[in-house]
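For reference, the chains in residue letters:
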Amino acid sequence: MTVPASVQAPVDAPVLRAVAAYGLAGSMADLPSAPLDDETWRTLLAGSRLQRMTGLLVDAIEAGALPATPAQVCEATDLHVGAMSTVLALERALVEVAGTLERADIPFRVLKGAACSHLDYPDASLRSFHDIDLLAPGERLDEAVALLHGLGFRRRYPSPRPGFDARFGKAVTLVADSGVEVDLHRTFALGPFGQRIRLADLWSAPPAGFTLGGVRLTALDTELRLLHAAYHSALGDYPPRLVPLRDIAQLVLRPDLDVPRVRALAAAWQGEAVLAHAVRQAWATLQIADLTALSTWAEGYRARQRDERDLAVYQSSETSYAAKSYAAVRGIPRPSDRLAYLRAMLLPADTYVAGRHSGRLARLRRGATVIFGRGES
Amino acid sequence: VSPDLARYRRSGGVLYRRVHDVVLLLAPGERQVFALSGAGPDLWELLAEPISVRDAVHRLAADYSVPAETIAPDVRRVFAELAEMDVVTRAEA
């Protein structure tokens, strides 16, 4: 997926990075000592909204760490009120969706912002999010999608082929008329690293829990949340968003983090390169000086050539959804599954093609370019 | 029993966030977010545990150094509005 320039630009702004690091123990990122000029303030405000960190911005201003004019205080607060109003609407939808899945006895875990805000931040209002992410077992994914249809959600894109989502997909995105978006995940990432995740590990550990509107919800445990944040940061948007990096820092700095378990899971998923890359990036971007067992390991980790090659697929704003999808072939262990995956990508159902590409021929050409143009298979 | 002695607490189904000097509330079954400002966020903090209108008036009067009788009508009105929206419920005695 190509990231719009408007999303990329603010990540480079030092003030925005300092806001992203605000309140983190051990961060050396400096906030300005006087109110920002109008142009810099506008950039910071826009970046805070795009990066979903209006909570950190308001927190820094409220604490006096970021000096601001009265007008700037009002603008930041208004923006954050808007972000939190959206979050409350999403949480209302989450409670409704969770109840529906529970009544159908479909296991699920709340992922990303909706879970991290309540479990990993000192105050949930510090972490914004703009959609709901849930993990569901692949074999129940189609059923979960059908139930969400009953709640008024519609798929953003059709499935490439019947059964593809449950067998190979990363997530199904559903949208309601209200604008609420739900991503129903089967796994954490597209591409080869996503295919190597042992999905049973996501379900075998006792879940974490939090209460929302009187309803008890389940999330991944601390170590799995960290791995998800790392996969999301390293293998998602490029350049990575600041909020997933902050999530990583929040999780790595938790005193109860079981570091050997995190590393063992990453090794079992052949994802140590992903974990090390994400932790290094979080430490560098947020200028965290404190060393932890995991940050020290990440700093010293040297990825194998194959992993570097696979990581490179994700390390470009030009890398397309198709490129990641075709690269995923390398992560599928069974030849019969690889064949089925390739068949689904090369000969998708017409409804899928209509939603994403100009036609099947165009898709075949895109696929051929990606597979054969790089001289890899 | 005086209505001021009835104890209230936050409803189980309410969703909320504190933002600077405002508390945003989303009542069960509602789509419209409601904002509590002024002394409202402090009242919301008090409602984390069951509290009567009378006790809330006295706590807020002490916190803001104002006479209880001055703020009592406003506190009663806010309690009534919150109860009307199902944001707070009567606590069991």
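Residues numbered from 1 in each chain as written. Chains lettered and ligands numbered in written order. Predicted model: local features only at pLDDT ≥ 70, side-chain atom pairs only at ≥ 80, totals over all residues. Heavy atoms only, no water.

**What to know about the overall build of chain A**
Here is the rule: Numbering of helices and strands runs from the N terminus; a helix is a DSSP stretch of H or I covering at least four residues, while a strand is a stretch of E covering at least two. Burial classification: accessible surface area is computed with a 1.4 Å probe over protein chains only, and a residue below 20% of its type maximum counts as buried, one above 50% as exposed, and the rest as partly exposed. Only heavy atoms matter for contacts: two residues are in contact if any of them lie within 4.5 Å across the pair. For the area figures, the Shrake-Rupley method with a 1.4 Å probe applies, and any residue is considered shielded solely by the protein chains shown.
When you go through chain A residue by residue, the secondary structure sums to 20 helices and seven strands. The buried share of chain A, taken over its 377 residues, is 55%. A separation threshold of at least 6 residues defines the contact pool for chain A, and within that pool the share at least 24 residues apart is 70%. For chain A, the accessible area works out to roughly 15,500 Å², and carbon and sulfur atoms hold 54% of it.

**Quick notes on the sheet that holds strand β2 (residues 15-19) of chain B**
Residue and element names in this part refer to chain B. This is how it is decided: When DSSP locates at least two bridges between a pair of strands, those strands are taken to pair. Helix axes are fitted only over the stretch in contact, all axes being lines through C-alpha atoms; the angle between N-to-C directions runs from 0 to 180 degrees.
Strands sit in the order β2-β3-β4 across an open sheet of three strands; the sheet is antiparallel. The strands lining the two open edges of the sheet, one partner per strand, are β2 and β4 (34-36). For this sheet, the mean inter-axis angle between neighbouring strands, taken without regard to orientation, is 25 degrees. Where β2 meets strand β3 (residues 22-26), five bridges bridge the pair, whose relative direction is antiparallel. Of the residues in β3, the one forming a bridge with Arg18 is Val23.

**Topic: the environment of Arg167(A)**
Residues and elements named next belong to chain A. Within the secondary structure, Arg167 is located in helix α8 (residues 164-167). With relative accessibility at 41%, the residue Arg167 sits in the partly exposed group. Measuring from C-alpha to C-alpha, the distance between Arg167 and Gly209 comes to 28 Å, with 42 residues separating the pair along the chain.

**Considering the interface of chain B and chain A**
So the rule is basically this: Joining two parts hides part of their accessible area as seen by a 1.4 Å probe, and the buried area is that hidden amount summed over both. The salt bridge criterion pairs a side-chain nitrogen of Lys or Arg with a carboxyl oxygen of Asp or Glu, the two atoms within 4 Å. Distance and chemistry together define a polar contact, namely a pair of N or O atoms within 3.5 Å, with one atom able to donate a hydrogen and the other to accept it when in protein, and with adjacent residues in sequence counting only for side-chain atoms on both sides.
Each partner contributes to the interface: chain B provides 17 residues, whereas chain A provides 21 residues. Across the interface of chain B and chain A, roughly 1,500 Å² is buried in total on both sides, 64% from carbon and sulfur atoms. Among the residues of chain B in contact with chain A, Leu15(B), Arg17(B) and His20(B) are the three that bury the most area, contributing 48% of the side total. Across the pair Glu91(A) and Arg17(B) runs a salt bridge whose closest N-O atoms are separated by 2.6 Å. Across the contact surface, chain B and chain A share seven residue pairs in polar contact (both at pLDDT 80 or more). Counting residues per element, the ones that place at least two in the side of chain B that touches chain A are β2 and β3 of chain B. Considering each element in turn, the side of chain B that touches chain A owes the most residues, five residues, to β2(B).

**Points about the confidence of the model for chain B**
Residue and element names in this part refer to chain B. Short version of the rule: The predictor rates its confidence in each residue with pLDDT, a number between 0 and 100.
Here chain B shows a mean pLDDT of 91. Residues at 70 or above account for 98%. For chain B, β4 is the element with the lowest average pLDDT, namely 91, and strand β5 (residues 51-52) is the one with the highest, namely 96. Quick note on the complex model: pTM equals 0.84, ipTM equals 0.89.

**Some thoughts on the packing of helix α3 (residues 38-50) of chain A against helix α5 (residues 70-103) of chain A**
Residues and elements named next belong to chain A. Using the following cut-off: We call two directions roughly parallel when the angle between them is under 35 degrees, roughly antiparallel when it is over 145, roughly perpendicular when it lies between 65 and 115, and oblique otherwise. Handedness of a crossing is defined here by the sense of rotation of the near helix relative to the far one, left-handed for an anticlockwise turn of less than a right angle and right-handed for a clockwise turn. Gly counts as polar in this scheme, as do all residues outside two lists: the nonpolar Ala, Val, Leu, Ile, Met, Phe, Trp, Tyr, Cys and Pro, and the charged Asp, Glu, Lys and Arg.
Interhelical geometry of α3 versus α5 gives an angle of 15 degrees and a closest axis separation of 11 Å. Compared by their axis directions, α3 and α5 come out roughly parallel. For the pair α3 and α5, the sense of crossing is right-handed. Residue-level inspection shows Trp41, Arg42, Leu45 and Arg49 of α3 in contact with α5, the latter providing Gln72, Glu75, Ala76 and Leu79. Grouping the amino acids of the contact of α3 with α5 by side-chain chemistry returns four nonpolar, one polar and three charged.

**Focus: the packing of aromatic side chains**
Operational definition: Each aromatic pair joins two rings of Phe, Tyr and Trp (for Trp, the six-membered one) with centres within 6.5 Å, and gets the label stacked for planes under 30 degrees apart, edge-to-face for over 60, and tilted for any other angle. Charge-over-ring contacts are defined here by two conditions on Lys NZ or Arg CZ: a distance within 6 Å of the ring centre and an angle within 35 degrees of the ring normal.
Applying the stated rule across the entire model yields six aromatic pairs over all chains. Ring geometry for Phe188(A) versus Trp269(A): centroids 5.9 Å apart, planes at 75 degrees, classification edge-to-face. Here the residue Phe188(A) occupies a position in the loop between β5 (181-185) and α9 (191-195), and Trp269(A) occupies one in the loop between α13 (259-268) and α14 (272-285), the gap between them amounting to 81 residues. Trp269(A) carries the same exposure label as Phe188(A), and that label is buried. One aromatic cluster in this structure is built from Phe188(A), Tyr231(A) and Trp269(A). Taking NZ or CZ as reference, Arg10(B) lies 4.8 Å from the ring centre of Tyr16(B), over its face.

**Quick word on unusual backbone geometry**
The omega torsion of the bond from Tyr238(A) to Pro239(A) falls at -5 degrees, within 30 degrees of zero and hence cis. Inspection of the secondary structure assignment puts Pro239(A) in the loop between α11 (222-235) and α12 (242-252). For Arg52(A), which is not a glycine, the phi torsion comes out positive at approximately 60 degrees. Positive phi, normally seen in glycine, also occurs at His20(B), with a value near 55 degrees. Topologically, His20(B) is positioned in the loop between β2 and β3.

**Topic: the pattern of salt bridges**
Residues and elements named next belong to chain A. One pass over the structure, following the stated rule, counts 21 salt bridges over all chains. Between Glu143 and Arg140 there is a salt bridge, with the nearest N and O atoms lying 2.8 Å from each other. Assessed through its relative accessible area of 36%, Glu143 is described here as partly exposed. Taking the shortest distance from any N to any O, the salt bridge between Arg241 and Asp237 comes out at 3.0 Å. Its relative accessible area of 17% is what places Asp237 among the buried residues. Put simply, Asp120, Arg225, Arg254 and Asp256 are held in one network by salt bridges that share partners.

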